[in-house]
Structures are given as C-alpha cells and as structure tokens.
Amino acid sequence: MERVIVAGGGLAGVRTVEALRAQGYPGRLTLVGAEPHRPYDRPPLSKAVLRGELDDTTVDADWTALDCELLLGHRVTGLTDVLETTAGPLGFDGLVIATGASPIRLPGDGPQHVLRTIDDARALRADLRPGARVAVVGAGWIGAEVATAAAKAGCRVTVVEAADTPLAAAVGAEVGAKTAPWYAEAGVELRHGVKVASVERGGLELAGGGSIEADAVVTGIGVRPETSWLEGSDLTLDDGIAVDERLRTGRPGVFAVGDCAAWWSSTFRRRLRVEHWDTALNAPEVAAANLLGGERVYDPVPYFWSEQFGHMVQYAGHHPVADTMIWRGDPAAGGWAACWLTGDRLAAIVTVDRPRDLVQARRIIAAQKRIDRSALADPAIPVRDA
Ligand code: FAD
C-alpha cells in the first residue's frame, strides 16, 4: 500500500492518521479537511468554549512526526476510480472516510446559529450577552448544553421543543421528562410540544401560529451524516455510509469511521450510527488495522456524556432493543439512573450524577452477562451481574 487518504479533518480523521502511523504504515498519507483548522475536539464547544473558559480545542498531534500532508480548506467532492477533491483528483490505495455530520437548519431568512464548529461556537458566544433574549430550538443534547451556557451568561433563555419532553428522541419521553425540571431551576423557560415553522428577523414563527421574539436563535435539531458527496458512487448509503463489523464499505480498501459511518454491531445485531466522541476516538484504530490487512471487529458498547444544568448525564448501550425499563434511585432526590433490559440482560443505561454506575453497567453490557433486577433497582447496591 503506497498511498492512503483520510477524508475529513475531525477527531476521527486525526485518530485515523495517528493509528495508521502507530501501526507501522510507512507510505504516503494525506488528510483532506473542509475546515481551515487542524482537527479539534467538539465536546468543549458547547461547554467551556461557550462559557468563555477555553478558546482553542485543537487536538495535540505532532503533524511533522506523523508525516501527513494536510489539505485543509479543501473538500472531497466525489468518489470514482479516484477521490475527487477541490484540490484536484487524488489516486489512492486506501481511503478512510471521516466526513462526520452537519447540523440541520430551519427554514426562514432570519439569522440562526448552529453549533458544530469552533467558528460557530465563537460566533454564538459573542451573542450570549447578559439580558439578551436567546431562543434555542430543540431540547436535545446540544440544546440543553447551549441553554445551560446561555443562562449562566445571564441571557433570558427560551427552549422550544417539538416533542412533549426534552431528550425524547435520545432516551424516550419517560426518561427525558425527568430532566424537564432542570430548565426551570436554571431560570430557563421550556416550551414543549411547540413546533417552529421558520426563523425570521426578530425571532421564531411557530407552526401553530404565534411567534417568539429573540435577539439570537440557536438551532439544535440534529445533524445529518456528511455523505451527499458520495451519491452516485458505488458505496451503500443508508443513514450514513454502511460498513460491516470491520468498518469496511463494499469497496475494497475503503473504510468509514465516526459520525458518518453506520457499522454493523455484532452485540446489538443491527447497524448503528453513533454521533458521539467515543466512536470517533476508538473506531479509527480498528479501521487502520483492517486497512493494513488485519481482521479486527469493532463492537463497542456505545457511550456518551452530556453536561447540562449542573448534571453529568452519561449513557451506554442501545436502548431501542430493550423490552423493559427499571428506575434506579429517585429522580426527585438527586442522582439516578434508568436501566433498559432485554430479558435478563442489560441493554443500556442512562445515569445522572452516578458515574460509577455507568462504568459498571457498561462492562456488564459488553460482557452480555445476566443481571439481577431487584439489585439493579436498589441504588445502594453496586450495578453487578447476577
Ligand atoms: P466531525 O467532528 O464532524 O468531523 C468531520 C470533519 O470532516 C469536519 O471538520 C468537516 O468539516 C469535514 N468534512 C465534512 N465534509 C467534508 C468534505 N466533503 N470534504 C472534506 N472534509 C469534510 N459527544 C459526546 O460523546 N459527548 C459530548 O459531550 C459531545 N458534545 C458535543 C458538543 C458539540 C457542540 C458537538 C458539535 C458535538 C459533540 N459531541 C459530543 C459529538 C462529537 O463531538 C462527535 O461525535 C465527533 O466530533 C465526531 O467526529 P468525526 O470526526 O466523526 O466528525
């Protein structure tokens, strides 16, 4: 193998470059990234960067030692026999696609912030002034974190959510409802069951009539995998780039990792596309090994965290496969968890301010061990297998 290209300059991109070199790939290596910046971490953007405590989250990588050609500010535009890019066509023996995901925007001519890049974060931070009316559309992970930062900055914050509870799409309405009181406690108005039609100058137009005035609008209604440039190629696109349990596309030598990849999960017996940091961090090592001739399976228990309204929320597993949910601890009385089971196996857990539960549960999910339900429901007993 003489030339490998990494498409996308986010965390999954830099981790791929590092993994290829760490695993002894000696050939030519090129990273093509649309942003003008070197790869950086995104989780702090909605946390320390918005709070003004951090301004640079560049990943600490030694690009000289990595001997990697950086084509920053260039896009990959198509995949034929070669990789089409705005810097010209590039031939390759191996290709790892890590083009991530992009935020969905609302219709309308009014200004709206999204939060995906460091430039987005800096622009939004400048608008979080004391007294400013900030309307956040979407009470998902990003919306909740932005509302936290905006409230802390002294803004008057309204969060508008189409579903009946926060986090409904992520963890279901029953669990999401337990986070609703956090908004009022932080002085944030939560308007649920309200659909936004468009963003106009001066605020939001609502689908059912009426409007919400705002000095700044932040749209946090989800992302789409960045795969449109692959339409018409021979890769299978199905809510992301479809890859197998070894992160291989159907085309030899072409792999996909991170937010853009939907991989076959041996544990959950379905394709998963997980838009979280841990996947971008760890999948590249497996893709690099397999590109270099290995046979490694990528079969993690998906994991992520969110810091919102003073709480550490963590999730591991994949709850849509579950048939039962068990509460652990009382949401009204501090730290708690919701545990999902398939039969007598733990499928997923979400914990609030109980990091130890998360670590223990993640191990049990990975090992697919049986669990004792009554012990699981008792927060005084550590999460353990039966
Ligand atoms: P990305 O980070 O999206 O990187 C993809 C890169 O490819 C981008 O730089 C993009 O510009 C580039 N690109 C796209 N198209 C092209 C193209 N055609 N040509 C060339 N380059 C292209 N996860 C957690 O687990 N916990 C958190 O608390 C958390 N907080 C987050 C907060 C924010 C504000 C955001 C945005 C994300 C957060 N995440 C969090 C998610 C996590 O950051 C992502 O899962 C991770 O960044 C995905 O990495 P990636 O490299 O796959 O994709």
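Assigned secondary structure in the protein consists of ten helices and 24 strands. For 386 residues, the compact-globule estimate of 2.2 N^0.38 gives 21 Å, and the C-alpha radius of gyration of the protein, at 22 Å, lies within 12% of that figure. Judged by the C-alpha coordinates and their principal axes, the protein covers about 60 × 55 × 35 Å. For the protein, with 386 residues in total, the buried portion stands at 52%. A fraction of 61% describes how many contacts in the protein between residues 6 or more apart in sequence connect residues 24 or more apart.

Moving on, we come to the site of the ligand. Around the ligand there are 34 residues in total, and E35, R42, K47, R116 and D259 lie nearest to it. Between L11 and the ligand, the recorded distance is 3.2 Å, taken from a backbone N or O atom to an oxygen atom. Contacts to the ligand include W305, whose backbone N or O atom sits 3.0 Å from a nitrogen atom. Against a free-state accessible area of 1,000 Å², the protein chains account for coverage of 95% of the ligand. Among the elements of the structure, helix 1 (11–22), strand 2 (28–33), helix 8 (277–291) and strand 20 (303–308) are those that each provide at least two residues to the shell around the ligand. Grouping the amino acids of the shell around the ligand by side-chain chemistry returns 16 nonpolar, ten polar and eight charged.

Counting residues in each nonpolar core, the largest one holds 70 residues, and the members touching the most others are L83, L95, I97, L247 and L346. When residues are assigned to domains, this core turns out to be shared by domain 1 (3–102 + 223–291) and domain 3 (310–376), each giving three or more. For L83, the contacting residues outside a window of four places in its chain are I5, V76, G78, G88, P89, L90, F92, L95 and W229. Counting 41 residues, the second-largest nonpolar core is a separate cluster that includes V49, L124, C155 and W340.

Another aspect to go through is the pairing of strand 2. Of all six residues in strand 2, five are buried, a share of seventy percent or more. In this region the chain leaves strand 1 (residues 3–7), passes through helix 1 and returns to the parallel neighbour strand 2; the handedness of that crossover is right-handed. Bridge analysis of strand 2 against strand 3 (residues 69–72) gives four bridges, and the strand direction is parallel. By the bridge assignment, V32 is partnered in strand 3 with L71.

Moving on, we come to the environment of D67. Residue placement: D67 occurs in the loop between helix 2 (63–66) and strand 3. The exposure class assigned to D67 is exposed, which follows from its relative accessible area of 53%. A sequence separation of 50 residues divides D67 from V17, and the C-alpha atoms of the two residues are 9.4 Å apart. Each residue touching D67, except ones within four places of it in the same chain, is listed here: R21 and L29.

This part covers the domain arrangement of the protein. Parsing the protein into structural domains produces domain 1 (3–102 + 223–291), domain 2 (105–219) and domain 3 (310–376). The straight-line distance from the C-alpha centre of domain 1 to that of domain 2 is 30 Å. Summing the contributions of domain 1 and of domain 2, the shared interface buries around 1,500 Å²; its carbon and sulfur component is 57%. Taken together, the links from domain 1 to domain 2 amount to four salt bridges. Among the salt bridges present, the one from R125 reaches D55, with a minimum N-O distance of 2.7 Å. At the junction of domain 1 with domain 2, the criterion picks out eleven residue pairs in polar contact (both at pLDDT 80 or more). The residue inventory of the side of domain 1 that touches domain 2, partitioned by class, reads seven nonpolar, four polar and six charged.

Strand 20 sits mainly inside the fold: five of its six residues count as buried. Pairing of strand 20 with strand 21 (residues 311–317), which is carried by six bridges, proceeds in the antiparallel orientation. Residue pairing for strand 21: E307 is matched across the bridge by M312. Taking the residues between adjacent antiparallel strands as the criterion, strand 20 and strand 21 are bridged by two residues, where F309 takes a positive phi near 50 degrees.

Strand order in the open sheet formed by four strands is 10-9-8-14, with parallel pairing between adjacent strands. At either margin of the open sheet sits one strand with a lone partner, and together these are strand 10 (189–192) and strand 14 (216–219). The average undirected angle you get between the axes of adjacent strands in this sheet is 20 degrees. Direction of pairing for strand 9 (residues 156–161) relative to strand 10: parallel, over a ladder of four bridges. When the sheet's bridge partners are listed, T158 is paired in strand 10 with E189. Along the sheet face, helix 4 (residues 141–152) touches strand 8 (133–137), strand 9 and strand 14 and points at about 165 degrees away from the line of strand 9.

Definitions and cut-offs
- Residues numbered from 1 in each chain as written.
- Predicted model: local features only at pLDDT ≥ 70, side-chain atom pairs only at ≥ 80, totals over all residues.
- Heavy atoms only, no water.
- Helix = DSSP H or I, 4+ residues; strand = E, 2+ residues; numbered from the N terminus.
- Rg over C-alpha atoms; globule rule 2.2 N^0.38 Å.
- Buried < 20%, exposed > 50% of the residue type's maximum accessible area, 1.4 Å probe, protein only.
- Contact = heavy atoms within 4.5 Å.
- Near = heavy atom within 4 Å.
- Polar contact = N/O pair within 3.5 Å; in protein donor to acceptor, adjacent residues only side chain to side chain.
- Areas by Shrake-Rupley, 256 points an atom, 1.4 Å probe, with all protein chains shown as cover.
- Nonpolar A, V, L, I, M, F, W, Y, C, P; charged D, E, K, R; others polar.
- Core = buried A, V, L, I, M, F, W, Y, C linked by side-chain atoms within 4.5 Å.
- Domains from an automatic or database assignment.
- Right-handed = clockwise from strand over helix to strand, strands pointing away.
- Pairing = 2+ DSSP bridges.
- Buried area = accessible area lost by both parts, 1.4 Å probe.
- Salt bridge = Lys/Arg side-chain N within 4 Å of Asp/Glu carboxyl O.
- Axes fitted to C-alpha atoms, helices over the stretch in contact; angles between N-to-C directions.

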